[in-house]
Amino acid sequence: MFDYSARPELLKGRVILVTGAGRGIGAAAAKTYAAHGATVLLLGKTEANLTQVYDEIEAAGGPQPAVIPFNLETAQPHQYDELAAMIETEFGHLDGLLHNASIIGPRTPIEQLSGENFMRVMHVNVNAMFMLTSTLLPLLKLSQDASVVFTSSSVGRKGRAYWGAYGVSKFATEGLMQTLADEVDTVAPVRSNSINPGATRTSMRAQAYPGENPLNNPTPEDIMPVYLYLMGPDSTGINGQAFNAQ
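Residues numbered from 1 in each chain as written. Predicted model: local features only at pLDDT ≥ 70, side-chain atom pairs only at ≥ 80, totals over all residues. Heavy atoms only, no water.

An order of S3-S2-S1-S4-S5-S6-S7 is seen for the seven strands of this open sheet, with the pairing classed as parallel. In this open sheet, the two strands that pair with only one neighbour each are strand S3 (66–69) and strand S7 (242–244). Strand-to-strand twist in this sheet, taken as the mean axis angle between neighbours without regard to direction, amounts to 20°. With respect to the sheet, helix H4 (residues 115–141) is in contact with strand S1 (15–19), strand S4 (96–99), strand S5 (146–151) and strand S6 (190–196), its orientation differing from that of S4 by roughly 170°. (Pairing = 2+ DSSP bridges. Helix = DSSP H or I, 4+ residues; strand = E, 2+ residues; numbered from the N terminus. Axes fitted to C-alpha atoms, helices over the stretch in contact; angles between N-to-C directions. Contact = heavy atoms within 4.5 Å.)

Pairs can form between side chains of opposite charge once their charged atoms are near each other. Under the defined criterion, the tally for this structure stands at seven salt bridges. Across the pair Arg 7 and Asp 234 runs a salt bridge, and its minimum N-O distance is 3.4 Å. Of this pair, Arg 7 sits in the segment before S1 while Asp 234 sits in the loop between helix H7 (224–231) and S7, and the two are 227 residues apart along the sequence. When its relative accessible area of 42% is taken as the criterion, Arg 7 is described as partly exposed. We classify Asp 234 as partly exposed; its relative accessible area is 37%. A salt bridge links Glu 174 to Arg 157, with the nearest nitrogen and oxygen atoms 2.7 Å apart. Of the two residues, Glu 174 is situated in helix H5 (residues 164–184) and Arg 157 in the loop between S5 and H5; the sequence distance between them amounts to 17 residues. (Salt bridge = Lys/Arg side-chain N within 4 Å of Asp/Glu carboxyl O. Buried < 20%, exposed > 50% of the residue type's maximum accessible area, 1.4 Å probe, protein only.)

Right, let's talk about the packing of H4 against H5 for a bit. Angle between the axes and distance between the axes are the two parameters that describe a pair of packed helices. Running from N to C, H4 and H5 point in directions that differ by 15°, and their axes come no closer than 8 Å. When the interaxial angle is binned, H4 and H5 end up roughly parallel. Crossing angle aside, the handedness with which H4 passes H5 is right-handed. For the pair H4 and H5, contact is made by Phe 118, Val 121, Met 122, Asn 125, Val 126, Met 129, Phe 130, Thr 133 and Leu 137 and by Ala 165, Tyr 166, Val 168, Ser 169, Ala 172, Thr 173, Leu 176 and Leu 180, respectively. For the contact of H4 with H5, a count of residues per class yields 13 nonpolar, four polar and no charged. (Parallel < 35°, antiparallel > 145°, perpendicular 65-115°, else oblique. Left-handed = near helix turned anticlockwise from the far one by under 90°. Nonpolar A, V, L, I, M, F, W, Y, C, P; charged D, E, K, R; others polar.)

Glancing now at the packing of aromatic side chains. With the rule as written, the count across this model stands at six aromatic pairs. Measuring from ring centre to ring centre gives 5.7 Å for Trp 163 and Tyr 166, while their planes differ by 50°; the resulting arrangement is tilted. For the pair formed by Trp 163 and Tyr 166, the shared burial category is buried. Grouped by ring-pair contacts, the aromatic residues Phe 2, Tyr 4, Tyr 229 and Phe 243 constitute a single cluster. (Phe/Tyr/Trp six-rings, centres within 6.5 Å; stacked < 30°, edge-to-face > 60°.)

So, on to the nonpolar core. Within soluble globular proteins, side chains that are nonpolar tend to cluster in buried spots. In terms of nonpolar packing, the biggest core is built from 33 residues, with Leu 11, Tyr 33, Val 40, Leu 42, Leu 98 and Tyr 227 touching the most fellow members. Contributions of two or more residues to this core are made by S1, helix H1 (24–35), strand S2 (39–44), helix H2 (47–59) and H7. If sequence neighbours within four positions are ignored, Tyr 227 has contacts with Ile 25, Tyr 33, Leu 98, Ile 195 and Pro 197. Core analysis: the second largest hydrophobic core is formed by 31 residues, Ala 66, Leu 140, Val 148 and Val 190 among them. (Core = buried A, V, L, I, M, F, W, Y, C linked by side-chain atoms within 4.5 Å.)

Turning to the layout of surface pockets, a few remarks are in order. Empty space within the largest pocket amounts to approximately 1,000 Å³. Of all the elements in the fold, those that place two or more residues in the lining of the largest pocket are H1, S2, H2, H4, H5 and helix H6 (203–208). Taken together, the residues of the lining of the largest pocket break down into 18 nonpolar, 21 polar and seven charged. (1 Å grid on protein atoms, 1.4 Å probe; cavity = no way out; pocket = protein on both sides within 12 Å on 5 of 7 lines; lining within 4 Å. Points joined across faces, edges and corners; volume = space filled by probe spheres on them.)

This is a description of form; function is not addressed.
So, in structure tokens, the structure goes:
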């Protein structure tokens, strides 16, 4: 596991947006960031899940979060602009962006992968992530010390059979992370890095490996050290790097 111990108020005063914040790694990250002092913007498509995370953060005494129902699969460009305008009005700037939301799509040989399925995975995992990044970048540049964290995968660093659309989308994720990192390097107080969570006890993992015993994998909470490290000031100056949570 990534070796890092965060001080209790590591993220105090920071405003951090987490996509896919309703469950799994996104929910764990949102609650962990809030527990360390951040105001967390919970973005996801299922409002009931987001509200549950909101309630858990409030119950734990964290700063009041914000619920942002937003469907990355269907959102139009003007909706991204409206999202950025709302964040600017309510919070003034953004200190962190965790790209966690993605879909796995069918695990099948490329020959049997429909164009429709390929494009759906690429839209959610790449196009929407690009739109969110480019639209929110002006708000991130208003921060004194902003961090963009992309969620990658081992199959986004070395291609593997039958991971088609998902694997390709994660290679694209690494590419976007590196491109952004090079653009902001030395010219903006923004850093860009990626995390490969590894095998984690989530519903997406269970979907990919139905025969696996989930109890053999760490929980989302177990892999949070690297998520805290990259969102906090201790990683200032770290840019364009690919991290492993485990």
